[in-house]
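Observations on the three-dimensional arrangement
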Amino acid sequence: MSITRFLTGITTTGTPHLGNFVGSIRPSVAASLTPGVQSFYFLADYHALIKCEDPVRIQRSTLEIAASWLAAGLNPEKVTFYRQSDIPEIPELTWLLTCVTGKGVLNRAHAYKASVDKNTAADRDADDGVTAGLFMYPVLMGADILMFKAHKVPVGRDQIQHIEMARDMAASFNHLYGEHFVLPEAAIDDHVATLPGLDGRKMSKSYDNTIPLFSSREQLKNLIGGILTDSRAPGEPKDTEGSALFQIYQAFATPDETAALRQAYADGIAWGDAKNTLFERVDQVIAPMRAQYEELIHNPARIEQTLLAGAERARALATPFIRELRAAVGLRSLAQATAAPKPVKAAKTALPSFKQYREADGKFYFKLVDADGRLLLQSTGFDAPKEAGQAIAQLQKDPDALQTLAQRLAPVEGVSADDVAAALQALAEAAAAA
Ligand code: TRP
């Protein structure tokens, strides 16, 4: 059986909550037990530095997240479970990838662009308050993924663009220096629920509406008591649709139990009773893990040891791999024989290229970027990847297809029709010459 490598990182800036458990911890632990799967899960503490300047919080969060994953059943014998900052090869690879990543590509990263847009709207300098760390975030993430030759990267939809970028970095590097990297893909699980928080919006630290995964039984009861409901009285039928309480219950209960609560809603269950039902069900799942968690969190030295053992396993792969990559780019011992430098394949590397990808809306897109990563052409969404592929094929064959496809193309600010035509012309000529 061929092995599929899954890899995912958890930024160490917060305390795990029920939404993290349902959306990430529980499915990841379950996936790690699948035969034929090799899992790499790590604490992304270098990434945390981009968002958090409080050293105490970084350390505490690292401890809490590690303890949570272990308490939730992650088996560190089976999963390579490590802390990013224990792998010095990762920042080293970040630099190698930085050198094959177009700055223009990073300009378009969602998180960076959001900061720029916010500044622009407020009439501030575009980069006001933006660190180079935020700008480089996708490259560090690319290094995380490419270092361990991950095939699949389970992430939320908001991270899809980062995986696409990692793919592009891998492809550029492979093109320049030979086949070293596996091209990773995002793995989005549509069956995994996004939990609503106390106020009904998505449970998220940034909304301050979370229920911590590990609080005491009493705290859990109090927090669940604070979930927003409507003002219907006991005896009045209640809507399950849009009920945060119901959705959280569903994520913890069996289908039969969920059907029973649905019926109780229709029969007019009192909100107090519904909250109690939810509390008992969640607590039933959490209680055994809570005991584990308490034991772990009071024994940080043991967690430290587990992480160091994980890092040792990770480095057994990373150390020889970075050696290979250094040699590939020419960071070599001078005592080794040097070959005559190869002529630079200028024409080949300067070509624009089409990229296909899928967006959070589920549709398929393509874009044309020049060799420096500057966006030249942007499609609208296609329902099927094949349609996007056909449009690309048309454009590659015949620059005039720009006219026939005009409706499927979104305008790109600051790019003239001549630039696009010239790029397509260059592609067509290169294809004819090949
Ligand atoms: N950026 C991810 C997030 O915020 C965390 C992360 C860092 C990550 N490195 C990664 C996820 C590598 C997957 C793979 O959720």
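Given the structure is predicted, the values throughout are model-derived calculations rather than measurements. (Residues numbered from 1 in each chain as written. Predicted model: local features only at pLDDT ≥ 70, side-chain atom pairs only at ≥ 80, totals over all residues.)

1. A short note on the UniProt feature "binding site: L-tryptophan" (unreviewed entry) in the protein chain
Mapped onto the present numbering, the UniProt feature "binding site: L-tryptophan" (unreviewed entry) falls at Asp144. Note that Asp144 resides in helix H7 (residues 132–147). Contacts of Asp144, omitting those with residues within four sequence positions, involve Gly9, Ala44, Gln84 and Ile90. (UniProt positions renumbered as here; feature names shortened; annotations may be inferred. Helix = DSSP H or I, 4+ residues; strand = E, 2+ residues; numbered from the N terminus. Contact = placed C-beta atoms within 7 Å.)

2. Section: the pairing of strand S6 (residues 353–358)
Strand direction decides the pairing type here: S6 and strand S7 (residues 364–369), joined by six bridges, are antiparallel. By the bridge assignment for S7, Phe354 is matched with Leu368. The turn joining S6 and S7, which pair antiparallel and follow one another in sequence, is formed by five residues; a positive phi near 85° is taken by Gly362. (Pairing = 2+ DSSP bridges.)

3. Comments concerning the site of the ligand
Close contacts around the ligand come from Leu7, Thr8, Gly9, Thr11, Ala44, His47, Met141, Asp144, Ile145, Val153, Val155 and Gln159, and that covers them all. When residues of the shell around the ligand are traced back to their parent elements, those giving at least two are strand S1 (4–11) and H7. Top element by residues in the shell around the ligand is S1. It accounts for four residues. Among the residues making up the shell around the ligand, the classes are represented as six nonpolar, five polar and one charged. (Near = placed C-beta within 6 Å. Nonpolar A, V, L, I, M, F, W, Y, C, P; charged D, E, K, R; others polar.)

4. As for the pairing of S7
Here S7 pairs with strand S8 (residues 375–379) via three bridges, running antiparallel. Note that in S8 the partner of Leu368 across the bridge is Leu377. Here S7 hands over to S8 after five residues, with Gly373 in that stretch at a positive phi of 85°.

5. Let's talk about the sheet that holds S6
Read across the open sheet, the four strands follow the order S6-S7-S8-S9; overall the sheet is antiparallel. The open sheet has two edge strands, S6 and strand S9 (409–410), and neither has a second partner.

6. A word on the nonpolar core
In terms of nonpolar packing, the biggest core is built from 82 residues, with Leu93, Leu146 and Ile248 touching the most fellow members. No other element matches the eight residues that H7 contributes to this core. Residues from two domains meet in this core; each of domain 1 (4–193 + 299–329) and domain 2 (214–297) gives at least three. If we ignore the near neighbours within four places in the chain, the residues touching Leu146 are Leu93, Ala166, Met169, Ala170 and Phe181. In terms of nonpolar packing, the next biggest core, distinct from the first, is built from twelve residues, Phe364, Val369, Ala388 and Ala391 among them. (Core = buried A, V, L, I, M, F, W, Y, C linked by C-beta atoms within 7 Å. Buried ≥ 20, exposed ≤ 12 C-beta atoms within 10 Å, placed from the backbone. Domains from an automatic or database assignment.)

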